[in-house]
Amino acid sequence: MTDSTILIAVPEQARGEGVGAGQLRRIRDGIEAGGCAVRWVSDAGDADAVLRTEAGVAAALVAWDLPAGGRADAESGGAAVLRHIGRRFHRLPVFLVMADEGVRDLPLWVSESVVGYVWPLEDTPSFIAGRVTAAARAYQEAVLPPFFRALRRFDDAHAYSWHTPAHAGGVAFLKSPVGRAFHDYFGERLLRSDLSISVEALGSLFEHTGPIGEAERNAARVFGADLTYFVLQGDSTCNRVVGHFSVARDEIALVDRNCHKSVLHGLVVSGARPVYLVPTRNGYGLAGPLPPAEIDAASVTARISSNPLAREASSEGAEYAVFTNSTYDGLCYDALATARAFAASTPRLHFDEAWFAYARFHPLYAGRYGMSVGPAGFPGPERPTVFATQSTHKLLAALSQSAMVHVRPAPRAPVEHHRFNEALMMHGTTSPLYPMIASLDVAAAMMDGPQGECLVDEAVTEAVRFRQEMVRVRRRIEAAGDRPPWFFGVWQPDAVTDPANGDRLPFEEAPADLLRTEPSCWHLEPGAAWHGFPGLTRGYCMLDPVKVTLTCPGVDATGDMADWGIPARVLTAYLATRDIVVEKTDSYTTLVLFSMGITKGKWGTLLDALMDFKALYDADAPLDRVLPGLTAGHPGRYAGRGLRELCQEMHGQLRSVRLVELLDRAFQELPAPVVPPQHCYQRLLRGGTERVPLGQASGRVAAAMVTVTPPGIPVLMPGEAVGDPDGPLLRYMSALESFDRRFPGFHSETHGVERDPDSGDYRIECLRLA
Ligand SMILES: *Cc1c(COP(=O)(O)O)cnc(C)c1O
């Protein structure tokens, strides 16, 4: 085992000539001879650096009298290192190196957190080195979660394979040049671990047995679920499984309009009759949460009774409700409050947490995720069964497509494993990729214990630093007074309250520790101007600090448009030239994510690019220089023009057609439902649908979902009426179409819309007229 590191943290004298020093060096040599690497440091500051950067540390020798190094804490260096280890590593074997003090002089917590003591002069160096290496090996084995451990053991056995996949541990690839290139690129390890489901020693994904079953149960414990299922085809499949399981044909499903396509697919396969719930929106065009008034029993009943499809449903009320938590923009709900509200209307509640798998591991998100709803917080027979579906790969460390379904069944709507498993198998594969299963197992283990919080906290801390720095830049430029003002902002409160003393602090002056740990700093307070969402109640919705929305000038949170502006599409195009790819772009906002993959100061490059953009804008730099790809692609349209001019022209267009306002109407005034989604799909199979240009679409019924990105929320669902030419939907779509025509190179991403490459006409799939 060469990949383990032993930390030795002892005072500087240990490098000197004394007898004890010589002994410690011999211990080090013995450890290295045993195949481990040693990191030798002389104060707590350096020990911290090693612990922060080397996750391969498998044991530590720490001197109690270690100097504190750059650390300001009053504690001894040894105590500080032990505490750091406790925060970051679960059960790391630590040996305390003793000088003159006796064990009885140590605080109790220290005795509890170390596995042994080393008096360098009392035992032989080789004996001590042997103890440390053995402890390191045991630790490295113990940190492995169930499936990954079994997979490694299996691989170590070097057995021949007589089963699929036919590449047989990669051997088949070696028989051709192109196969060889593939083999060399991905490496033998990946191919050797690509095994067939017939390897019984590893268990079964469908039967949830053996190490796979153990891994799922371990994940359930880590994520706070009663049942957890691994799914290898993304959260998309999780959503289809839960939808397919929860609602029978012709029953009513309550569906957040701000939902992912896969939720709709669940409705198509199940044959449900959807009744949509409409999230609130603000002036930037950002989708907010479903407000409390939208999910209370009376309003749900009203939505159901005004829906002609629901009136003919086979269920009285809704059998199932699904909503997105957190939203793309990082808005997360008070889970218990939503569960209580929904409980009056449905026995099954599904939180789509594609972007939120880390929520359980940081106190900032306490009570904001689906699995936090259980009998302790919600006793009594009314509690709904809760599902949470997560794209583990999106914001934790797992391979793409690796996802999980978590369930907390309630007596009201039991989830018997064998029934749920039918739905899982229907959407699953009988040939799972074992490295993906291992990645799910590892993703859960990484979040288990203290290091989970530590990892999430790093992302939160960096996001807080960036957010504060953005405000400070504005202040500094204002104070300098010699250049045009800073125009980018971050969507966040301007001031926060410290609950300890009630002090109100400007956001950028609030202690980072307060912002890191105090959820109320991030609440969308009812009526606060910065968020612009109406109808919220205190604590109902919180902004997740790691989802950072940058704002561009041109509009404010209430929708008031300014005389000048910088549409975010221009900024995004510029950032792409700097190799900064953002998550999402709306009319005047751009979303960036601070995930666990963040490194300290990585955001400095983003800040730098924003400052450069401003300098280019202030100087009205030629587009040839700012966006060379754009002018090369559309020379007739853009060559010879300046950055400011482009921004202003685009802003003028957005303003004159009132795109943000039209979008708002298109979302708020839902199209009339005509037939259930499954019906449209049946027609699509048998030639009962066709592509129709927008100009001819009025009065027709949509046959496929139309989602426009930005903002990525469906504006039209299959089975809904397209409406009149001057109705909300067609006005919005036509405005977008003309925008795309006028600004080639900046067109919107539209799913469910076909753009004619020559004319730029939009076409959408509609039911054929009878
Ligand atoms: C990405 C996403 C999904 C689908 O997740 P995959 O893992 O990509 O299949 C589902 N719901 C929401 C809200 C998403 O953003």
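(A) Expanded view of helix H29 (residues 728-742). Look at H29: 21 Å from first C-alpha to last across 15 residues, which is about the 21 Å you get at 1.5 Å a residue. Turning to H29, its buried residues are Pro728, Leu729, Leu730, Tyr732, Met733, Ala735, Leu736, Glu737, Phe739 and Asp740.

(B) Focus on the nonpolar core. Core analysis: the largest hydrophobic core is formed by 163 residues, its most contacted members being Tyr365, Phe613, Tyr732, Met733 and Ile764. Sorting elements by how many residues they give to this core places helix H19 (residues 450-480) first, with 10 residues. Excluding residues that lie within four positions of it along the chain, tyrosine 365 makes contacts with Phe356, Tyr358, Ala359, Val456, Val460, Met542, Asp544, Pro545 and Val546. Among the nonpolar cores identified, the runner-up in size contains 46 residues, and Val38, Val62, Trp64 and Leu96 belong to it.

(C) Quick peek at the site of the ligand. Taken together, the residues surrounding the ligand are Gly234, Asp235, Ser236, Asn239, His260, Thr324, Asp352, Ala354, Trp355, Ser391, His393 and Lys394. At 2.8 Å, a backbone N or O of aspartate 235 approaches an oxygen atom of the ligand. Burial of the ligand by the protein amounts to 84% of the accessible area it has alone, namely 380 Å². Of all the elements, helix H10 (residues 234-246) adds the most residues to the shell around the ligand, at 4 residues. In the shell around the ligand, the residues fall into 2 nonpolar, 7 polar and 3 charged.

(D) Geometry of unusual backbone geometry. The omega angle of the peptide bond from asparagine 325 to serine 326 is -10 degrees, so this bond is cis rather than trans. Its place among the elements puts serine 326 in the loop between strand E9 (318-324) and strand E10 (331-333). The residue arginine 91 is not glycine, and still its phi comes out positive at about 60 degrees. Take arginine 91: it is sitting in the loop between helix H3 (77-88) and strand E4 (94-97). Under the relative-accessibility criterion, arginine 91 is labelled exposed at 69%. Despite not being glycine, aspartate 620 has its phi angle at roughly 45 degrees, a positive value. Structurally, the position occupied by aspartate 620 is in the loop between helix H22 (603-618) and helix H23 (623-626). In this structure aspartate 620 comes out as partly exposed when scored by relative accessible area, which is 33%.

(E) Representation of the state of the cysteines. The full count for this structure, using the stated rule, is 0 disulfides. Between cysteine 680, a free cysteine, and cysteine 766, which holds the nearest cysteine sulfur, the sulfur-to-sulfur gap is 9.9 Å. Overall, the relative accessible area of 0% leaves cysteine 680 in the buried class.

(F) Just the pattern of salt bridges, in detail. Enumeration according to the criterion identifies 44 salt bridges in this entry. A salt bridge links lysine 547 to aspartate 544; its shortest N-O distance comes to 3.8 Å. By relative accessible area, which is 1% here, lysine 547 ends up buried. The class of aspartate 544 is buried, set by a relative accessible area of 0%. One network of salt bridges, in which partners are shared, links Arg637, Arg641, Glu645, Glu649 and Arg742.

(G) Up close: the environment of glycine 719. Here glycine 719 is to be found in the loop between strand E23 (713-716) and H29. Judged by relative accessible area, glycine 719 falls into the buried class, the value being 1%. Spatially, the C-alpha atom of glycine 719 lies 5.5 Å from that of alanine 702, the residues being 17 residues apart in sequence. Residue contacts for glycine 719: discarding those within four places in its chain leaves Ala672, Pro673, Val674, Val675, Cys680, Val701 and Ala702.

(H) The arrangement of the packing of aromatic side chains in detail. Enumeration according to the criterion identifies 32 aromatic pairs in this entry. Taking 5.6 Å as the distance between ring centres and 65 degrees as the angle between the ring planes, the aromatic pair formed by phenylalanine 147 and tyrosine 434 counts as edge-to-face. Taken together, the residues span a long stretch of sequence, with phenylalanine 147 in helix H6 (residues 146-156) and tyrosine 434 in helix H18 (residues 434-447) at a distance of 287 residues. Exposure class is identical for phenylalanine 147 and tyrosine 434. Each is buried. Relative to tryptophan 522, the ring of phenylalanine 507 lies with its centre 5.8 Å away and its plane at 80 degrees, an arrangement referred to as edge-to-face. On the criterion of sequence distance, the pair formed by phenylalanine 507 in the loop between strand E16 (503-506) and helix H20 (512-517) and tryptophan 522 in the loop between H20 and strand E17 (541-543) is long-range, its members being 15 residues apart. Accessibility assignment for this pair places phenylalanine 507 and tryptophan 522 in one class, buried. Three or more aromatic residues joined by ring pairs make a cluster, and in this case those are Trp486, Phe487, Phe488, Trp564, Tyr574, Phe613 and Tyr617. Over the face of the ring belonging to tyrosine 276 we find arginine 257, whose NZ or CZ atom lies 4.6 Å from the ring centre. Above the ring of phenylalanine 378, the side-chain terminus of arginine 340 is found at 4.7 Å from the ring centroid.

(I) Representation of the sheet that holds strand E20 (residues 589-593) within the structure. Reading across from one edge, E14-E18-E20-E19 is the order of the 4 strands in this open sheet, with antiparallel pairing throughout. Here the strands that pair on one side only, and so sit at the sheet edges, are strand E14 (489-490) and strand E19 (584-585). One ladder, built from 2 bridges, connects E19 with E20; its direction is antiparallel. From the neighbouring strand, lysine 584 faces E20, where its bridge partner is leucine 591. Contacts from H19 reach E14 and strand E18 (547-551) within the one sheet, and its direction differs from that of E18 by about 15 degrees.

(J) Representation of the sheet that holds strand E3 (residues 57-63) in the model. If you trace the 5 strands from one edge of the open sheet to the other, you get E2-E1-E3-E4-E5, paired in parallel fashion. Looking at the sheet topology across the chains shown, the edges are occupied by strand E2 (37-41) and strand E5 (116-118). Within this sheet the neighbouring strands show an average axis-to-axis angle of 20 degrees, counted without direction. One ladder, built from 3 bridges, connects E4 with E5; its direction is parallel.

What counts and how
Residues numbered from 1 in each chain as written. Predicted model: local features only at pLDDT ≥ 70, side-chain atom pairs only at ≥ 80, totals over all residues. Heavy atoms only, no water. Helix = DSSP H or I, 4+ residues; strand = E, 2+ residues; numbered from the N terminus. Expected span 1.5 Å × (residues − 1). Buried < 20%, exposed > 50% of the residue type's maximum accessible area, 1.4 Å probe, protein only. Core = buried A, V, L, I, M, F, W, Y, C linked by side-chain atoms within 4.5 Å. Contact = heavy atoms within 4.5 Å. Near = heavy atom within 4 Å. Polar contact = N/O pair within 3.5 Å; in protein donor to acceptor, adjacent residues only side chain to side chain. Areas by Shrake-Rupley, 256 points an atom, 1.4 Å probe, with all protein chains shown as cover. Nonpolar A, V, L, I, M, F, W, Y, C, P; charged D, E, K, R; others polar. Disulfide = S-S within 2.5 Å. Salt bridge = Lys/Arg side-chain N within 4 Å of Asp/Glu carboxyl O. Phe/Tyr/Trp six-rings, centres within 6.5 Å; stacked < 30°, edge-to-face > 60°. Lys NZ or Arg CZ within 6 Å of the ring centre and 35° of its normal. Pairing = 2+ DSSP bridges. Axes fitted to C-alpha atoms, helices over the stretch in contact; angles between N-to-C directions.

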